[in-house]
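Now for the letters of each chain:
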Amino acid sequence: KLASIGLCSNVPGQLSVGLMVNPPQSGDPSFARYQSERSAVFDSLRRRANKLEAALNSVPGVKCNPIEGAMYAFPQIDLPAKFVAESKAAGEQPDQRYALRLLESTGLVAVPG
């Protein structure tokens, strides 16, 4: 019985997943409210994505492609020549060194490359 607790999701979780994979359809009593709430969530995500994209593009040396579909941003960061030279002199890849320093100093995760 204890093992089943860890293997099975709780009832609210099961109901939520059921609603996600089988949302209200046109003509259902809750369809209008579902559409309204769904649109509000997606509109909010789009506003935040646009705000993040604009903020990244306002940073000198940073270019960000439009954020689409998820809250993942893929900015291109042009590292200063001095930083690149220092990294190479230390035997490190500049992008990897930058990503590690960013993580250590801010907690932000960046993927080198």
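A short tour of the structure in this document, coming up.

About the thresholds
- Residues take numbers from 1 onward in each chain, read along the sequence in its written order.
- For a predicted model such as this one, the threshold for reporting local features is a pLDDT of at least 70, and the threshold for listing and counting side-chain atom pairs is 80 or more; totals across whole chains, interfaces and linings nevertheless cover every residue.
- Side-chain calculation: all heavy atoms of the structure are included, whereas hydrogens and water are not.
- Grid spacing is 1 Å over the protein atoms alone, the probe is 1.4 Å, and a cavity is where that probe fits but cannot get out, while a pocket is an open set with protein on both sides within 12 Å along at least five of seven lines and lining residues have an atom within 4 Å of a point.
- Grid points are joined across faces, edges and corners, and a volume is the space filled by probe spheres set on the points.
- The helix count covers DSSP runs of H or I at least four residues long, the strand count covers runs of E at least two residues long, and both are numbered beginning at the N terminus.
- Residue classes follow a fixed rule: Ala, Val, Leu, Ile, Met, Phe, Trp, Tyr, Cys and Pro count as nonpolar, while Asp, Glu, Lys and Arg count as charged, and any other residue, Gly among them, counts as polar.
- Aromatic contacts are taken between Phe, Tyr and Trp rings whose centres are within 6.5 Å, Trp giving its six-membered ring; a plane angle under 30 degrees counts as stacked, one over 60 as edge-to-face, and the others as tilted.
- Exposed residues in this analysis have more than 50% of their type's maximum accessible area, buried residues have under 20%, and partly exposed residues fall in between, with area computed by a 1.4 Å probe over protein chains only.

**Some details on the layout of surface pockets**
Looking at the largest pocket, its volume works out to about 810 Å³. The wall of the largest pocket is formed by 24 residues, among which P75, I77, L102, A110 and V111 lie closest to the centre. The dominant element in the lining of the largest pocket, judged by the number of residues it contributes, is helix α5 (residues 94–106), at four residues. Here the residues of the lining of the largest pocket are counted per class, giving 20 nonpolar, two polar and two charged.

**Quick look at the packing of aromatic side chains**
How two aromatic rings sit relative to each other is set out by the distance from centre to centre and by the angle between their planes. Applying the stated rule across the entire model yields one aromatic pair. Seen from their ring centres, F83 and Y98 are 6.3 Å apart, and the 90° between their planes marks the pair as edge-to-face. Here F83, found in helix α4 (residues 81–89), pairs with Y98, found in helix α5; they are 15 residues apart in sequence, far enough to count as distant. For F83, a relative accessible area of 14% puts it in the buried group.

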